[in-house]
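What the coordinates show
As a plain string of letters, each chain reads:
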Amino acid sequence: MPLHMATPHLTIRPGNPDFLDLPWEIDLTSWDHPRLVELPTGVHRHPVRFVAYRHDIYAIKELPRKPAVNEFESLREMRRRNLPTVDLVGIVERDWVDPTEEWSTAVITRYLDHGFSYRELISGGGFGARRTQMLDAFAGLLVELHIGGCFWGDCSLSNVLYRYDAEAIEVTLVDAETVEIHDELSDGQRSEDIQIMIENVAGGMADIAAEQGTDLDNADLHLGEDIARRYAGLWHEITSDVTIRTDERYKINERISRINDLGFEVGEVEMIPTLDAGESRLRLHFEVGGRNYHQHRLKYLTGIDASENQARQILSDLRYFEAKRDAATPSQKSVAGIQWRAGVFEPLLRQIEDSGGGDPIQAYCDFLNHRYILSYHAGRDIPTEEAFEDWISSGRPGISLDQPTSD
C-alpha cells in the first residue's frame, strides 16, 4: 500500500500534541512504540493503550467508525454541558480501512490522573468500607448525567473511573460510544437507562464471582438495584417542587442551600402562584445544574481547581482561616481568599509535595482530616505546624471512614 494511502485523518483539539509520530498505519494492538506506557485499566470491549508525552498521558481506544464518531461528538457536547467525563482530545480516522473494522477509528482522551477502576475497590465479594461511597457516587453520576440530558445507554461499573475525593469518591464517565444527547430526558428514558444499569451491574458482579471462584448465589447481583434506590432518592430530593406560603420566602434559600449541600448548583427558581384550600401559595420549581457547586465556589474565591468534595473540605479550611483572621482584622472575603491561598494553602501544598507522591489535593484533604481528629481528641485547636508534623510521622494517613462525632 502506498504510504500516502496509510495517512490517517486526525482531528485534534488545541493544546495537545499532534500525535503524528505514532504508527497509525497499523492497528493499536500491534504497536511497539517508545511512547507506550503500561497503566492499570478496567475491562473494555475495545483495545485501549496509553501514550506519554511531555506534560500528559493520553488514552487511545480503537473502535468502528460509527460508535467512535458518536463518542467523539458526545464527549464534546457533554464537556460543553459541564458533565463529568474524561477530557476529549481528538479522533483518528483511517479512511483506507473498512469503517466497520475495529481499527478503522481511534478516539483519544486525556488520562485521568489518580483514577482507578471499580475492581480496585473490591474487597472479597463486595467493596469493603468504600461500598456506600461508591454506590452514592455512582447514583450521583447518573443523576447528574440525566439532569444534563444525557442518555447513557450502556451504564455499567466498568464504563467509569473512580478517584478519591476528600472523604468521598468521585466518578467520571470514560466510555460514551452509546450516549444520546437530548435537551432533557423523559421519565421513560431515565427508567430505561436505570434498567440497563441494573442488568449490566448484575452481569459485572457475576463475572467477578466467576473469576474469584465464588458461588453465584453469593455474588452481589442486586448491587444495581441498590444504586437505583439511591438514584431515586437523590433525584426526588433535588427535582421535586416545593409549595410555600407567600410569607415563607426564607424557605427558598433553605431549599437552595440543601441542593447546594448535595453538590448541585441551582440556575433559576421559578415561583408559580397557586391556591391551596383557598390560600395563596407559591409553587417553587428549581432549575438544577451540575454537581460542582463547591468546586465552582472554591475556584471563584481562590482560583484553585479541585473536585467537588475536595473543594467542600478545602472551603472549610478557608472558613477556619477567615474565622481566626476576622477575630483580629475583619476584611473582605475576596481578600481573605487571596491571603489564605498565599499564606496557608500554597506553602502547605509544597510541603505535602516534598513529603511524598500521590494526588497533592487529596493529600491536603487527608491532612485537614488528620488535624481535625487531633483537635477533637485534644479538645482544642491543634496548630497547623504541629498537626503537619504528626501527620508526616504517622505515615500521611488518609481520611478515615470512622469519623469522631460530637455527643
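Above this text sits the structure in question.
To keep things clear, this report deals only with the structure shown in the data block. On a predicted model such as this, the values are computed, not experimentally measured, just so you know.

Each value, and the rule that gives it
Residues numbered from 1 in each chain as written. Predicted model: local features only at pLDDT ≥ 70, side-chain atom pairs only at ≥ 80, totals over all residues. Heavy atoms only, no water. Helix = DSSP H or I, 4+ residues; strand = E, 2+ residues; numbered from the N terminus. Rg over C-alpha atoms; globule rule 2.2 N^0.38 Å. Contact = heavy atoms within 4.5 Å. Areas by Shrake-Rupley, 256 points an atom, 1.4 Å probe, with all protein chains shown as cover. Pairing = 2+ DSSP bridges. Axes fitted to C-alpha atoms, helices over the stretch in contact; angles between N-to-C directions. Expected span 1.5 Å × (residues − 1). Buried < 20%, exposed > 50% of the residue type's maximum accessible area, 1.4 Å probe, protein only. Phe/Tyr/Trp six-rings, centres within 6.5 Å; stacked < 30°, edge-to-face > 60°. Lys NZ or Arg CZ within 6 Å of the ring centre and 35° of its normal. Disulfide = S-S within 2.5 Å. Salt bridge = Lys/Arg side-chain N within 4 Å of Asp/Glu carboxyl O.

Moving on, we come to the overall build of the protein chain. Helix and strand counts for the protein chain stand at 10 helices and 13 strands. A globule of 407 residues ought to have a C-alpha radius of gyration of about 22 Å, and the protein chain, at 24 Å, matches this closely. The principal-axis extents of the C-alpha atoms in the protein chain amount to approximately 75 × 65 × 50 Å. Here the analysis covers contacts within the protein chain between residues at least 6 apart in sequence; of these, 63% occur between residues at least 24 apart. Surface accessibility of the protein chain: about 20500 Å² in total, with carbon and sulfur atoms responsible for 49%.

Turning our attention to the sheet that holds strand β11 (residues 242-245). One open sheet accounts for three strands, arranged β11-β13-β12; its pairing is antiparallel. Each edge of the open sheet carries a strand with a single partner, namely β11 and β12 (266-276). Averaged over all neighbouring strand pairs, the angle between strand axes comes to 30°, with direction disregarded. Relative to strand β13 (residues 279-288), β12 runs antiparallel, the two being bridged by nine bridges. Residue aspartate 276 lies in a different strand from β13, and its bridge partner there is glutamate 279.

Let's shift gears to helix α3 (residues 187-212). Compared with the 38 Å implied by 1.5 Å per residue over 26 residues, the 37 Å span of α3 between its first and last C-alpha is a close match. Looking only at α3, the buried set comprises Arg190, Asp193, Ile194, Ile196, Met197, Ile198, Val201, Gly204, Met205, Ile208 and Ala209. Glycine 213 occupies a position one or two residues after α3 and carries a positive phi of about 70°.

Moving on, we get to the packing of aromatic side chains. By convention here, two paired aromatic rings are described through the distance between centres and the angle between planes. Evaluation of the coordinates by the stated rule reveals 16 aromatic pairs. Aromatic pair tryptophan 96 and tryptophan 103: ring centres 6.3 Å apart, planes at 80°, arrangement edge-to-face. Judged by centre distance (6.3 Å) and plane angle (25°), the ring pair of phenylalanine 138 and tryptophan 152 falls under stacked. Separated by 14 residues along the polypeptide, phenylalanine 138 in helix α2 (residues 131-147) and tryptophan 152 in the loop between β7 (150-151) and β8 (160-165) bring together distant segments of the chain. In this structure, phenylalanine 138 and tryptophan 152 share a single accessibility class: buried. A cation over an aromatic ring shows up here: arginine 190 above the ring of tryptophan 235, its NZ or CZ 4.0 Å from the ring centre. The positively charged end of arginine 255 is found above the aromatic ring belonging to phenylalanine 286, 5.8 Å away from the centroid.

Scanning the model with the defined rule gives zero disulfides in all. Cysteine 150 forms no disulfide, and the closest cysteine sulfur to it belongs to cysteine 155, at a distance of 9.7 Å. We classify cysteine 150 as buried; its relative accessible area is 0%.

Let's shift gears to the side chain of threonine 85. Position of threonine 85 among the secondary structure elements: in the loop between α1 (65-80) and β5 (88-93). In this structure threonine 85 touches Leu75, Met78, Arg79, Thr172 and Leu173, once residues within four positions along its chain are discounted.

Take the sheet that holds strand β2 (residues 36-37) next. Backbone-to-backbone hydrogen bonds pair the strands of a sheet. The strands run either parallel or antiparallel. Sheet architecture is open: six strands sit in the order β1-β5-β6-β4-β3-β2, paired in antiparallel fashion. One side of each edge strand has no neighbouring strand; the edge strands of this open sheet are β1 (9-12) and β2. Judged from the four bridges that link them, β1 and β5 form a sheet pairing that is antiparallel. Each bridged residue has a counterpart across the sheet, and for isoleucine 12 the counterpart in β5 is glycine 90.

Bringing the pairing of β13 into the picture now. With four bridges joining them, β11 and β13 adopt antiparallel strand pairing. From the neighbouring strand, valine 242 faces β13, where its bridge partner is leucine 284.

In this model α2 runs 24 Å from its N-terminal to its C-terminal C-alpha over 17 residues, within 8% of the 24 Å that 1.5 Å per residue would give. Remark: glycine 149 follows α2 within two positions and exhibits a positive phi of approximately 80°.

For the coordinates displayed, the defined rule picks out 26 salt bridges. Residues glutamate 177 and lysine 61 are paired through a salt bridge, measuring 3.2 Å at the closest nitrogen-oxygen approach. Within this pair, whereas glutamate 177 is found in the loop between β9 (168-173) and β10 (180-181), its partner lysine 61 is found in strand β4 (residues 57-63), the two being separated by 116 residues in sequence. By the burial criterion, glutamate 177 is buried, and lysine 61 matches it. Linking arginine 245 and glutamate 248 is a salt bridge whose minimum nitrogen-to-oxygen distance equals 3.2 Å.

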